[in-house]
Amino acid sequence: MAQEFDKNISAARTSYASGNLQDARFAMEQMLRDIDIQIGKEVLKLLPAKVGALAMNEKEDNVTGTGGYVGLYVSRHYGTDAKRASIEIINNSPLITSLNAILSMPVIGGMMRDENQKIIRVQGYKSILNKNVNTETGKTNYELQIPMNNTLLTLKMDDTTEGEITTAANSIPLAKIVQLAQ
Amino acid sequence: MKTKYVLTTGLVLVLGVATEAQVLNRLKQRVENKAEQKAGEEIDKLFSGKNKNQSGQSGQGTNGPGGSNSGGNNPSNKGGGLISTPPDVNQNLIDAQAAYTKNSYGEARYAVQQAMLGVELEIGNKVLKSLPETVAGLNKEAKADQVTSTGWGWAGLMIKREYSTKDKEFRVIIANNSVWMAAVNTYLASGGYAQQTNGEQNWKQTKLKGYRAIIEYNERSGYKLSVPLGQSSLIVFEGVSFASETDMMKAAEVFNLDGIKKELGEQ
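All figures in this text were calculated on a predicted structure; none of them were measured in a lab. The residue numbering used here restarts from 1 in each chain and proceeds along that chain's sequence as written. The lettering of chains begins at A and the numbering of ligands begins at 1, in the order of writing. For a predicted model such as this one, the threshold for reporting local features is a pLDDT of at least 70, and the threshold for listing and counting side-chain atom pairs is 80 or more; totals across whole chains, interfaces and linings nevertheless cover every residue. Remark: hydrogens and water are excluded; side-chain values derive from all non-hydrogen atoms of the structure.

Chemist: If you had to explain the overall build of chain B to someone new, which residues and values would you point to?
Modeler: What counts as a helix is a DSSP run of H or I of at least four residues, what counts as a strand is a run of E of at least two, and both are numbered from the N terminus. Across its full length, chain B holds six helices and nine strands. Looking at chain B as a whole, 35% of its 267 residues are labelled buried. Contacts were defined at the residue level, with two residues in contact if any of their heavy atoms lie within 4.5 Å. Partitioning the contacts of chain B with sequence separation of at least 6, the portion at a separation of at least 24 is 50%. Under the convention used here, a 1.4 Å probe and the Shrake-Rupley method define accessible areas, while residue burial counts only the protein chains that appear. Summed over its atoms, the accessible surface of chain B is roughly 16,100 Å², and 52% of this surface lies on carbon and sulfur atoms. Summary of the burial criterion: residues with accessible area below 20% of their type's maximum are buried, those above 50% are exposed, and those between are partly exposed, where the area comes from a 1.4 Å probe applied to protein chains only.

Pasting the structure below:
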């Protein structure tokens, strides 16, 4: 990966020096993609091996870097069919700004609130907790969205309780992830 | 549900009252400021020996002259605005490499984004230089020339140029490398606009120098000609007070579309 980056940075330099701005820009887009993937890999290292009692499925680990538009996408899955959980991280995406705006407006946050949704704090970060009862299985699934600067972390857990998902969220080193991804 | 409506109505009322109150407050402050500004300046002179407005602080202010100030004796800002030097591409590439080697990826990304911003601004300026000085007898408004870039993300690169006289205006807006542009182009190029035979026809498909385009007409804003270029660029010509569609098309034909397309790196 480092080789790719070096190759692209030298392509960017050469193109820029020769006045070929388009190729320089293209090489830089590639560099952003490389960097995003590198950040994603580092983020994966920080994610817990277990969420609650559920072990991670390492083979399903996923990092996608789009070089700016959608940004960086990292996901890790836990558990088996009986009970699953997942952590998804989107970073550096313009979409996150709008989510942050919603969260920082208490009035709208308050109006949005219904019995299946509430705003909680996880390690100091304002987060949205969604409860979803599956009518077929009768199980309660939770989804927790934690926006942090330009990063959005989503933790999903099947058949769980508010207490369990909050504890699981607290085991994720949020501050370190933010530091890495910002 | 009922509660929600009540809440919404309440909110609108509260916001409405609040806005009105704010406007009144601002008006009041403006009046007070003007009176107090003079006194404030005198006090500043007395204590610092010089006028605060001329203290040599340049390049940081963002408020234009006459921007609202909330303090009692704060003089209105007359700063020179931000320094508009584009980011140094080479330096940012050096920074990016250094950060990447140190595994400081966030920093590396920031530096690359800055470098990209620098390159995009240069591309934009080159395109501006290549545009004609006059169009349909209208001279360019040098002050209105604008290149905007986000370095990454939705907006991409935006280039603007205006030509005008007192009652006639011609504007060119070129958008490049933005995410939504690809979608817009597919739509326009595929003839996605459905043409209707009845009613008023305010737009139609046309061709400008062989490029497929859409021309629209609006009583108030005049003509608008949109031409997709390549995969992710769009050039929009807007003409106010042009006598006819032919005049508008003639004005747009002055532009070297192939050249602009090449400058933007489109195929």
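More follows now that the structure is in view.
Chemist: Residues and numbers for the overall build of chain A, please.
Modeler: Secondary structure assignment for chain A yields six helices and nine strands. Within chain A, buried positions represent 45% of all 182 residues. Excluding contacts between residues fewer than 6 apart, the proportion of contacts in chain A whose partners are at least 24 apart in sequence is 49%. When the accessible area of chain A is evaluated, it comes to approximately 8,800 Å², of which 52% is carbon and sulfur surface.

Chemist: Tell me about the pattern of salt bridges, and please be specific about residues and values.
Modeler: Between side chains of opposite charge, a pair can form when the charged atoms approach closely. Here a salt bridge means any side-chain nitrogen of Lys or Arg lying within 4 Å of a carboxyl oxygen belonging to Asp or Glu. Enumeration according to the criterion identifies 15 salt bridges over all chains in this entry. With a closest N to O distance of 3.5 Å, Glu4 of chain A and Lys7 of chain A form a salt bridge. With a gap of three residues between them, Glu4 of chain A and Lys7 of chain A both fall in helix 1 (residues 2-17), about one helical turn apart. Using a relative accessible area of 52% as the deciding quantity, one classes Lys7 of chain A as exposed. A salt bridge links Lys126 of chain B to Glu263 of chain B; its shortest N-O distance comes to 3.8 Å. With a gap of 137 residues between them, Lys126 of chain B in helix 3 (residues 105-130) and Glu263 of chain B in helix 6 (residues 257-263) connect regions that are remote in the sequence. Connected through shared salt-bridge partners, Glu169, Arg171 and Glu238 of chain B make up one network.

Chemist: Pulling in residues and values, what's your account of the sheet that holds strand 7 (residues 125-133) of chain A?
Modeler: Residue and element names in this part refer to chain A. By the convention used here, strands pair only if DSSP detects at least 2 bridges between them. If you trace the seven strands from one edge of the open sheet to the other, you get 3-4-5-9-8-7-6, paired in antiparallel fashion. Since the sheet does not close on itself, it has two edges, and those belong to strand 3 (62-65) and strand 6 (117-122), each with one partner. For this sheet, the mean inter-axis angle between neighbouring strands, taken without regard to orientation, is 15°. The pairing of strand 7 with strand 8 (residues 140-148) spans six bridges and is classified as antiparallel. To define axes, lines are fitted to C-alpha atoms, for helices over the stretch in contact only, and angles between the resulting N-to-C directions are given on a 0 to 180 degree scale.

Chemist: Hey, could you go over the packing of helix 2 (residues 21-46) of chain A against helix 3 of chain B for me, with residue numbers and the actual values?
Modeler: Between two packed helices, the angle of one axis relative to the other and the distance separating the axes together describe the packing. For the pair helix 2 of chain A and helix 3 of chain B, interaxial distance at closest approach is 9 Å and the crossing angle is 160°. The orientation of helix 2 of chain A with respect to helix 3 of chain B, classified from their angle, is roughly antiparallel. Helix-helix and strand crossings are classified by hand; for helix 2 of chain A and helix 3 of chain B the assignment is left-handed. Gly is put with the polar residues, along with every residue not named as nonpolar or charged; the nonpolar set is Ala, Val, Leu, Ile, Met, Phe, Trp, Tyr, Cys and Pro, and the charged set is Asp, Glu, Lys and Arg. Classifying every residue of the contact of helix 2 of chain A with helix 3 of chain B by side-chain character gives 13 nonpolar, four polar and eight charged. Just so you know how the angles are binned, under 35 degrees is roughly parallel, over 145 roughly antiparallel, 65 to 115 roughly perpendicular, and the rest oblique. Two helices crossing with the near one rotated counterclockwise from the far one by less than a right angle form a left-handed crossing, whereas a clockwise rotation gives a right-handed crossing.

Chemist: Could you give an account of the packing of aromatic side chains, with specific residues and numbers?
Modeler: Here a Phe, Tyr or Trp ring, Trp counted by its six-membered ring, pairs with any other such ring whose centre lies within 6.5 Å, and the pair is stacked when the planes are under 30 degrees apart, edge-to-face when over 60, and tilted otherwise. Applying the stated criterion across every chain yields a total of nine aromatic pairs over all chains. Relative to Tyr100 of chain B, the ring of Phe5 of chain A lies with its centre 3.7 Å away and its plane at 0°, an arrangement referred to as stacked. With one member in each of two chains, Phe5 of chain A in helix 1 and Tyr100 of chain B in helix 2 (residues 89-101) form a pair that bridges those chains. Phe5 of chain A sits in the buried class, given a relative accessible area of 0%. With centroids separated by 5.6 Å and ring planes inclined at 55°, the aromatic side chains of Phe170 of chain B and Phe242 of chain B adopt a geometry described as tilted. Of this pair, Phe170 of chain B sits in strand 5 (residues 169-176) while Phe242 of chain B sits in the loop between strand 9 (233-240) and helix 5 (245-253); the two residues are 72 residues apart in sequence, bridging distant segments of the chain. Residue classification places Phe170 of chain B among the buried positions, given a relative accessible area of 0%. Through a chain of ring-to-ring contacts, three or more aromatic side chains come together here, namely Tyr163, Phe170, Phe237, Phe242 and Phe255 of chain B. Remark: a charge is flagged as sitting over a ring if the NZ atom of Lys or the CZ atom of Arg is within 6 Å of the ring centre and within 35 degrees of the ring normal. Across the ring face of Phe242 of chain B, the terminal group of Lys168 of chain B is positioned such that the distance to the ring centre comes to 4.5 Å.

Chemist: With reference to specific residues and values, describe the pairing of strand 6 (residues 203-208) of chain B.
Modeler: All names here are of chain B. As paired strands, strand 6 and strand 7 (residues 211-218) are joined by six bridges and run antiparallel to one another. Bridged to Lys207 within strand 7 is Arg212. Turn length for the strand 6-strand 7 hairpin, with the two strands adjacent in sequence and antiparallel, is two residues, and the turn residue Lys209 shows positive phi of about 50°.

Chemist: Give me the lowdown on the confidence of the model for chain B, citing residues and values where you can.
Modeler: Close inspection of predicted coordinates is inappropriate for parts of the model with low pLDDT. Residue and element names in this part refer to chain B. Of all residues in chain B, 60% have pLDDT values of 70 or greater, and the mean over the chain is 73. The predictor's confidence in any single residue is recorded as pLDDT, a number from 0 to 100. Taken element by element, chain B is modelled with least confidence in helix 1 (residues 2-48), mean pLDDT 45, and with most confidence in helix 5, mean pLDDT 95. Every residue in residues 1-36 scores below 50 in pLDDT, and together they form 13 contacts with partners more than four places removed in sequence or on other chains.

Chemist: Describe in detail the nonpolar core, supporting the description with residues and values.
Modeler: As used here, the term nonpolar core means buried Ala, Val, Leu, Ile, Met, Phe, Trp, Tyr and Cys residues forming a set that is joined through side-chain atoms within 4.5 Å. Core analysis: the largest hydrophobic core is formed by 87 residues, its most contacted members being Met28, Leu153 and Leu155 of chain A together with Phe170, Leu225, Val227 and Phe237 of chain B. For this core, the element with the highest residue contribution is helix 3 of chain B, accounting for twelve residues. Built from parts of two domains, this core gets at least three residues from each of domain 1 (2-54 + 86-123) and domain 2 (131-263) of chain B. Not counting residues up to four positions away in its chain, the partners in contact with Val227 of chain B are Leu208, Tyr211, Arg212, Ala213, Ser233, Leu234, Ile235, Phe237 and Leu257 of chain B. Where each domain begins and ends is defined by an automated method or by a domain database.

Chemist: Describe the environment of Leu129 of chain A, naming the residues involved and giving the relevant values.
Modeler: All names here are of chain A. Inspection of the secondary structure puts Leu129 in strand 7. Each C-alpha atom of the pair Leu129 and Lys156 lies 9.8 Å from the other, and the pair is 27 residues apart in sequence. Among residues more than four places away in sequence, those in contact with Leu129 are Asn116, Gln117, Lys118, Ile120, Tyr142, Glu143, Leu144, Glu162 and Ile165.

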